[in-house]
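Remarks on the overall topology
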Amino acid sequence: MPEEQRTFIAVKPDGVKRGLVGEIIKRFENKGFKLIGLKMLHVTQEMAERHYGEHEGKPFYPRLLRYIQSGPIVAMVWKGYNVIDGARHMMGKTNPMEAEVGTIRADYALLMEYNVVHGSDSPESAEREIGIYFKPEELCDEYVNMAESVIEDLG
Ligand code: IDP
Ligand code: MG
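Now for a look at the structure at hand. (Residues numbered from 1 in each chain as written. Chains lettered and ligands numbered in written order. Predicted model: local features only at pLDDT ≥ 70, side-chain atom pairs only at ≥ 80, totals over all residues. Heavy atoms only, no water.)

What to know about the site of ligand 1
Around ligand 1 sit K12, Y52, H55, F60, L64, Y67, R88, T94, R105, M112, E113 and N115, and those are all the residues in its vicinity. Here R88 contributes a side-chain N or O atom positioned 3.0 Å from an oxygen atom of ligand 1. The backbone of M112 places a nitrogen or oxygen atom 3.2 Å from an oxygen atom of ligand 1. Within the shell around ligand 1, the residues separate by chemical class into five nonpolar, three polar and four charged. (Near = heavy atom within 4 Å. Polar contact = N/O pair within 3.5 Å; in protein donor to acceptor, adjacent residues only side chain to side chain. Nonpolar A, V, L, I, M, F, W, Y, C, P; charged D, E, K, R; others polar.)

Concerning the packing of aromatic side chains
Within the structure shown, the criterion is met by three aromatic pairs. Geometrically, the ring pair formed by F8 and Y133 is stacked, given 4.5 Å between the ring centres and 10 degrees between the ring planes. Linking F8 in strand β1 (residues 4-11) with Y133 in helix α7 (residues 123-133), this pair joins segments that are 125 residues apart in sequence. A single burial state applies to F8 and to Y133, both of which are buried. When the ring of Y67 is compared with that of Y114, the centres are 5.4 Å apart and the planes differ by 85 degrees; the resulting orientation is edge-to-face. Placement of the pair is Y67 in helix α4 (residues 61-68) and Y114 in the loop between α6 (104-108) and β4 (117-119), with a sequence separation of 47 residues. The exposure class assigned to Y114 is partly exposed, which follows from its relative accessible area of 40%. (Phe/Tyr/Trp six-rings, centres within 6.5 Å; stacked < 30°, edge-to-face > 60°. Helix = DSSP H or I, 4+ residues; strand = E, 2+ residues; numbered from the N terminus. Buried < 20%, exposed > 50% of the residue type's maximum accessible area, 1.4 Å probe, protein only.)

With respect to the nonpolar core
Of all hydrophobic cores here, the largest spans 22 residues; its most connected members are I9, I24, F28, M76, W78, I104 and V117. Elements supplying a minimum of two residues to this core: β1, α2 (21-31), β3 (73-81) and α5 (83-91). Considering each element in turn, this core owes the most residues, five residues, to α5. Counting residues in hydrophobic clusters, the runner-up holds 21 residues, among them I36, L41, V43 and M47. (Core = buried A, V, L, I, M, F, W, Y, C linked by side-chain atoms within 4.5 Å.)

A word on the pattern of salt bridges
Applying the stated criterion across every chain yields a total of eight salt bridges. Between E127 and R6 there is a salt bridge, with the nearest N and O atoms lying 2.5 Å from each other. One end of the pair, E127, is in helix α7; the other, R6, is in strand β1, and 121 residues separate them in sequence. Members of the salt-bridge network, linked through shared partners, are E4, K34, K79 and D141. (Salt bridge = Lys/Arg side-chain N within 4 Å of Asp/Glu carboxyl O.)

The values are spatial; any link to function lies outside them.
Okay, structure coming up:
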């Protein structure tokens, strides 16, 4: 039985400004992942520092904090079997020029600095990042996701 997980996905400010929100949601929905949290918001300096704390001290860190605050983001929680690695696989590598064709970053981005989408990289980061952007009561997990129920029906 594959492992069911939760992950934090965000359409970054460049993705929102370019009108890619629907396209990105559609890809994860089509895959069969279940959307359980969704909001549009402006990231504050404090949230940006919490989110990207692991990169503090790196040359790109100040620009990264400005980038993530440069417009609204669409923050989401997705649930499903192997969703953490599955979503990152669909996003492609950090550098869009190295991402495989067919992934979100390869298809919609040119530069590492503007790579349109974020996804958690481990169960620990997923829970930490979900906690930065969502309260537990903001997540809607009670409805049935058909793609998952197929596996459960088969026992
Ligand atoms: P990830 O988003 O694929 O997990 P990370 O290494 O965690 O990649 O980096 C976080 C974000 O910081 C990247 O998505 C990208 O926007 C930015 N970034 C990472 N490395 C560089 C770099 O070398 N130059 C410029 N921006 C970078
Ligand atoms: Mg990362």
